[in-house]
Amino acid sequence: SQWGEENLQALSIQEGEDVTMNCSYKTYTTVVQWYRQKSGKGPAQLILIRSNEREKRSGRLRATLDTSSQSSSLSITGTLATDTAVYFCATDQGGRALIFGTGTTVSVSP
Amino acid sequence: DMKVTQMPRYLIKRMGENVLLECGQDMSHETMYWYRQDPGLGLQLIYISYDVDSNSEGDIPKGYRVSRKKREHFSLILDSAKTNQTSVYFCASSFDNYEQYFGPGTRLTVL
């Protein structure tokens, strides 16, 4: 089955830096969601961007969506050590259950 | 308080034993899901339930079955567990499939 793929598997940065992670997907989707999973916890939704939106912001988060290239990005500005987590993109298949990518591990050092 | 609970959190079983994983949610969501998560593979959908007794196979249903007799409870059953079913299992619920609320996970080890 088709599913989202994060382009970079792991990133290590210093607190205060900005970080961007990318996701490409292969099938039509009505929305792209970004989830964050901290160690030992279940994933939690961070931001949702619809297919008719190019950009969505929420606090320090910024998501973009390019439906022509079937790609999305998530940026975090001014990272904190508490942003250390695995970040997943998720796409739908026109309404069925979400398809999750393999995740990008972000490690933020204090 | 929107919450998805999972029991048990950790479980060790021997190959061939039966396994029951339980999930509960307090949001009256119609749709619930079971996923497994393995290193490097992300979340793989096992089963999806659209409401009581309305279950559908996900991408990797082989070796699993589910039961949903009440809207707030969704169980995952492994009959005769296998070592390759060692994984972390997540339950989730959703109102509209746009946002899924996940439980804390169950770490299952099959020896």
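First things first, this report covers the structure right here in the doc. Since the structure is predicted, the reported quantities are computational estimates derived from the model, not experimental observations. (Residues numbered from 1 in each chain as written. Chains lettered and ligands numbered in written order. Predicted model: local features only at pLDDT ≥ 70, side-chain atom pairs only at ≥ 80, totals over all residues. Heavy atoms only, no water.)

Side note on the nonpolar core
Formally: Residue types Ala, Val, Leu, Ile, Met, Phe, Trp, Tyr and Cys, when buried and joined through side-chain atoms within 4.5 Å, form a set referred to as a nonpolar core. Between buried and exposed lies partly exposed: a residue is buried under 20% and exposed over 50% of the maximum accessible area for its type, with that area taken using a 1.4 Å probe on protein chains only. Numbering goes from the N terminus for both helices and strands, where a helix is a DSSP run of H or I of at least four residues and a strand is a run of E of at least two. Here, residues are in contact when the closest pair of their heavy atoms is within 4.5 Å.
A:M21, A:V32, A:W34, A:L74, A:Y87 and A:V106 are the most contacted members of the largest nonpolar core, which totals 21 residues. Where this core is concerned, the elements lending two or more residues are β2 (10-14), β3 (19-24), β4 (31-37), β5 (44-50), β7 (61-66), β8 (71-76), β9 (85-91) and β11 (104-109) of chain A. Ignoring any residue separated from it by four or fewer positions in sequence, one finds A:M21 in contact with A:W34, A:S72, A:S73, A:L74, A:I76, A:Y87, A:T104 and A:V106. By size, the runner-up hydrophobic cluster in this structure holds 20 residues, among which are B:W34, B:Y64, B:A81 and B:L108.

Some thoughts on the side chain of B:R68
Residues and elements named next belong to chain B. Here is the rule: We treat Lys and Arg as the positive residues and Asp and Glu as the negative residues; His and chain ends play no part in the count. The salt bridge definition used is simple: a Lys or Arg side-chain nitrogen within 4 Å of an Asp or Glu carboxyl oxygen. Under the rule applied, a polar contact is a pair of N or O atoms within 3.5 Å (in protein, one hydrogen donor and one hydrogen acceptor; residues adjacent in sequence only if both atoms are side-chain atoms).
With respect to the helices, strands and loops of the structure, R68 is situated in strand β7 (residues 65-70). For R68, which is buried and forms no salt bridge, the nearest opposite charge comes from D51, at a distance of 4.8 Å. In terms of polar contacts, R68 uses its side chain to reach the side chain of S49, at 3.0 Å. Polar side-chain contacts of R68 include one of 2.7 Å to the backbone oxygen of R71.

Remarks on the layout of surface pockets
Selection criterion: Here a cavity denotes a set of grid points, spaced 1 Å apart and computed over the protein atoms alone, in which a 1.4 Å probe fits but from which it cannot get out, and a pocket denotes an open set meeting protein on both sides within 12 Å along at least five of seven lines; residues with an atom within 4 Å of a point are reported as lining. Grid points are joined across faces, edges and corners, and a volume is the space filled by probe spheres set on the points. Basically, the charged four are Asp, Glu, Lys and Arg, the nonpolar ten are Ala, Val, Leu, Ile, Met, Phe, Trp, Tyr, Cys and Pro, and anything else, Gly included, counts as polar.
Taken as a whole, the largest pocket holds about 520 Å³ of empty space. Forming the boundary of the largest pocket are 26 residues, of which A:Q37, A:G40, B:Q37, B:V88 and B:R107 lie nearest the centre. Sorting the residues of the lining of the largest pocket by element identifies β9 of chain A together with β4 (31-38), β9 (87-94) and β11 (106-110) of chain B as the ones contributing at least two each. For the lining of the largest pocket, the residue count by class is nine nonpolar, 12 polar and five charged. The calculated volume of the second largest pocket comes to roughly 160 Å³. Considered class by class, the residues forming the lining of the second largest pocket number six nonpolar, two polar and two charged.

Here we look at the environment of A:Q33
All names here are of chain A. The residue Q33 is located in strand β4 in this model. Here Q33 falls in the buried class, since its relative accessible area comes to 0%. As for Q33 and T91, which are separated by 58 residues in sequence, their C-alpha atoms are 6.5 Å apart. A polar side-chain atom of Q33 sits 2.8 Å from a polar atom in the side chain of Y35.

Focus: the side chain of B:H29
Residues and elements named next belong to chain B. The residue H29 is located in the loop between β3 (19-25) and β4 in this model. Within the structure, the side chain of H29 is placed 2.8 Å from the side chain of S93, a separation counted as a polar contact. When residues no more than four places from it in sequence are discounted, the contact partners of H29 are R68, R71, S93, S94, F95 and Y101.

A look at the environment of A:S24
Residues and elements named next belong to chain A. Inspection of the secondary structure puts S24 in strand β3. Of the residues examined, S24 reaches a relative accessible area of 24% and is grouped as partly exposed. Sequence separation of S24 and Q70 is 46 residues, and the distance between their C-alpha atoms is 5.8 Å.

Thoughts on the pattern of salt bridges
Within this structure, the stated rule accounts for nine salt bridges over all chains. A:R62 serves as the salt-bridge partner of A:E55, at 2.9 Å between the closest nitrogen and oxygen. The salt bridge partner of B:D38 is B:R36, with a shortest N-O separation of 2.9 Å. B:D38 sits in the buried class, given a relative accessible area of 14%. The network of salt bridges with common partners includes A:R36, A:R60 and A:D83.

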